[in-house]
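Okay, here's what each chain looks like letter by letter:
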Amino acid sequence: MNSVFYLSAAVAIVSTVLMLTRLNAVHALLYLILSLLSVAVIFYISGAPFAAGLELIIYAGAIMVLFIFVVMLLNLGDRASAQERSWLKPGMWVGPAIMVSILAVEVAYLLLHEPSQSLVPRVIAPKVVGIALFGPYMIGVELASMLLTAALVGAYHLGSRHAEKSELRSLRQPAKKEAHDVDFAQPGIASGDDLVRVGNGRSSGAP
Amino acid sequence: MILFALGTVGLLVRRDLLFILMSIEVMLNAAGLAFVAAGARWGQPDGQVMLIFILATAAAEVSIGLALVLRLYRQYKSLDVDAASEMRG
């Protein structure tokens, strides 16, 4: 059991170091996924199977898909296909594949040999976690839901074309009065526009 | 601990905004690992509850951060954070 822990910890550290030293964003994402998978294995063997599942689903699933979407969105155009071909060079996948196979062997070993002596005194079941989450931590759940709603609204506003257009307009027309009229008409955009305009004015004023 | 240190080093060393976001992910992940390890040490479910909160925070952070990355790229055509240092006095 200890050797499994040390192996997956070593895989996590090595893959994180390799992630930081990659120059390509997609390669780094590959190693980051590997690091998250090894952390999930560490969760599993330290008596937290629910946390391991969440780590897999949310981190290695949802957040990584978001990263990959953004990486792909940033590379629109003709050179995207050539770049993608260079990203998918054969031989790039050898390092992650070796470490993922180490993790797969560990998981198979854990599933086949029911651990007699565990690393921890007892496994914390998902039911206990749920009772604790919706019992004494109820206010935290509400706060997390508000945080996620704020993140949703903020991401929508930052990513929308309308906000970008109004910002470009205020960049092109440095006349303050018209921009202020626009800002008063749409108070939701006002604060962001003000910040951006202040920054641009200062930079254009300074040589 | 080592993972957190690596994330900090990545945050300081890299100048690419995408790598900075990934380093922040690594740091949050290390914090969650510390919580789960502490919860397993005392046999309490509180560590996993904290991990769930950290997951929610990481999801919110990464959505806002990636929207900002898209915005920055459209404006400056670059992902270098030094390109966006106009606010410097």
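On a predicted model such as this, the values are computed, not experimentally measured, just so you know.

Asker: Lay out the overall build of chain A with the relevant residues and their values.
Answerer: In terms of helices and strands, chain A carries ten helices and zero strands. The order of helices and strands in chain A, counted from the N terminus, is α-α-α-α-α-α-α-α-α-α. Taking all 207 residues of chain A together, the buried fraction comes to 36%. Contacts in chain A between residues at least 24 apart in sequence constitute 66% of all its contacts with a sequence separation of at least 6.

Asker: With reference to specific residues and values, describe the packing of aromatic side chains.
Answerer: Evaluation of the coordinates by the stated rule reveals two aromatic pairs over all chains. With centroids separated by 6.2 Å and ring planes inclined at 65°, the aromatic side chains of Tyr137 of chain A and Phe53 of chain B adopt a geometry described as edge-to-face. Of this pair, Tyr137 of chain A sits in the loop between helix H6 (126–133) and helix H7 (138–159) while Phe53 of chain B sits in helix H3 (residues 46–76), on two different chains. Note that Arg41 of chain B overlies the ring of Trp42 of chain B, its terminal NZ or CZ placed 5.3 Å from the centroid.

Asker: Lay out the interface of chain A and chain B with the relevant residues and their values.
Answerer: You'll often see interface size given as the accessible area lost when the parts meet. Of the residues lining the interface, 64 residues belong to chain A; the matching set on chain B comes to 51 residues. Between chain A and chain B the total buried area reaches about 5,100 Å² when both faces are included, carbon and sulfur atoms providing 74% of it. There are zero salt bridges connecting chain A and chain B. Our enumeration of links across chain A and chain B arrives at two residue pairs in polar contact (both at pLDDT 80 or more). Contributions of two or more residues to the side of chain A that touches chain B are made by helix H1 (2–21), helix H2 (25–45), helix H3 (49–73), H6, H7, helix H8 (161–172) and helix H10 (187–205) of chain A. Looking at the side of chain A that touches chain B element by element, the count peaks at twelve residues for H3 of chain A. Looking at the side of chain A that touches chain B residue by residue, the class counts come to 44 nonpolar, twelve polar and eight charged.

Asker: Before we move on, could you go through the packing of H1 of chain A against helix H2 (residues 17–42) of chain B and cite the residues and values that matter?
Answerer: Between H1 of chain A and H2 of chain B, the shortest axis-to-axis distance is 10 Å and the interhelical angle comes to 165°. One element, H1 of chain A, and the other, H2 of chain B, form an angle in the roughly antiparallel class. When you trace H1 of chain A past H2 of chain B, the crossing you get is left-handed. Contacts between H1 of chain A and H2 of chain B involve Thr16, Met19 and Leu20 of chain A on the former and, on the latter, Phe19, Met22, Ser23 and Val26 of chain B. Class assignment of the residues belonging to the contact of H1 of chain A with H2 of chain B gives a composition of five nonpolar, two polar and no charged.

Asker: Describe H7 of chain A, naming the residues involved and giving the relevant values.
Answerer: All names here are of chain A. Along its 22 residues, H7 runs 32 Å from first to last C-alpha, staying within 8% of the 32 Å computed at 1.5 Å per residue. Taken together, the buried positions of H7 are occupied by Gly140, Val141, Ala144, Ala151, Ala155 and Leu158. Seen along its axis, H7 keeps its buried residues to an arc of 120°; they face one direction. Pointing more than 90 degrees away from the buried face of H7 are the exposed residues Ile139, Leu143, Met146, Leu152, Val153 and Tyr156.

Parameters and conventions
- Residues numbered from 1 in each chain as written.
- Chains lettered and ligands numbered in written order.
- Predicted model: local features only at pLDDT ≥ 70, side-chain atom pairs only at ≥ 80, totals over all residues.
- Heavy atoms only, no water.
- Helix = DSSP H or I, 4+ residues; strand = E, 2+ residues; numbered from the N terminus.
- Buried < 20%, exposed > 50% of the residue type's maximum accessible area, 1.4 Å probe, protein only.
- Contact = heavy atoms within 4.5 Å.
- Phe/Tyr/Trp six-rings, centres within 6.5 Å; stacked < 30°, edge-to-face > 60°.
- Lys NZ or Arg CZ within 6 Å of the ring centre and 35° of its normal.
- Buried area = accessible area lost by both parts, 1.4 Å probe.
- Salt bridge = Lys/Arg side-chain N within 4 Å of Asp/Glu carboxyl O.
- Polar contact = N/O pair within 3.5 Å; in protein donor to acceptor, adjacent residues only side chain to side chain.
- Nonpolar A, V, L, I, M, F, W, Y, C, P; charged D, E, K, R; others polar.
- Axes fitted to C-alpha atoms, helices over the stretch in contact; angles between N-to-C directions.
- Parallel < 35°, antiparallel > 145°, perpendicular 65-115°, else oblique.
- Left-handed = near helix turned anticlockwise from the far one by under 90°.
- Expected span 1.5 Å × (residues − 1).
- Arc of directions from axis to C-beta.

Geometric values such as these leave the question of function open.
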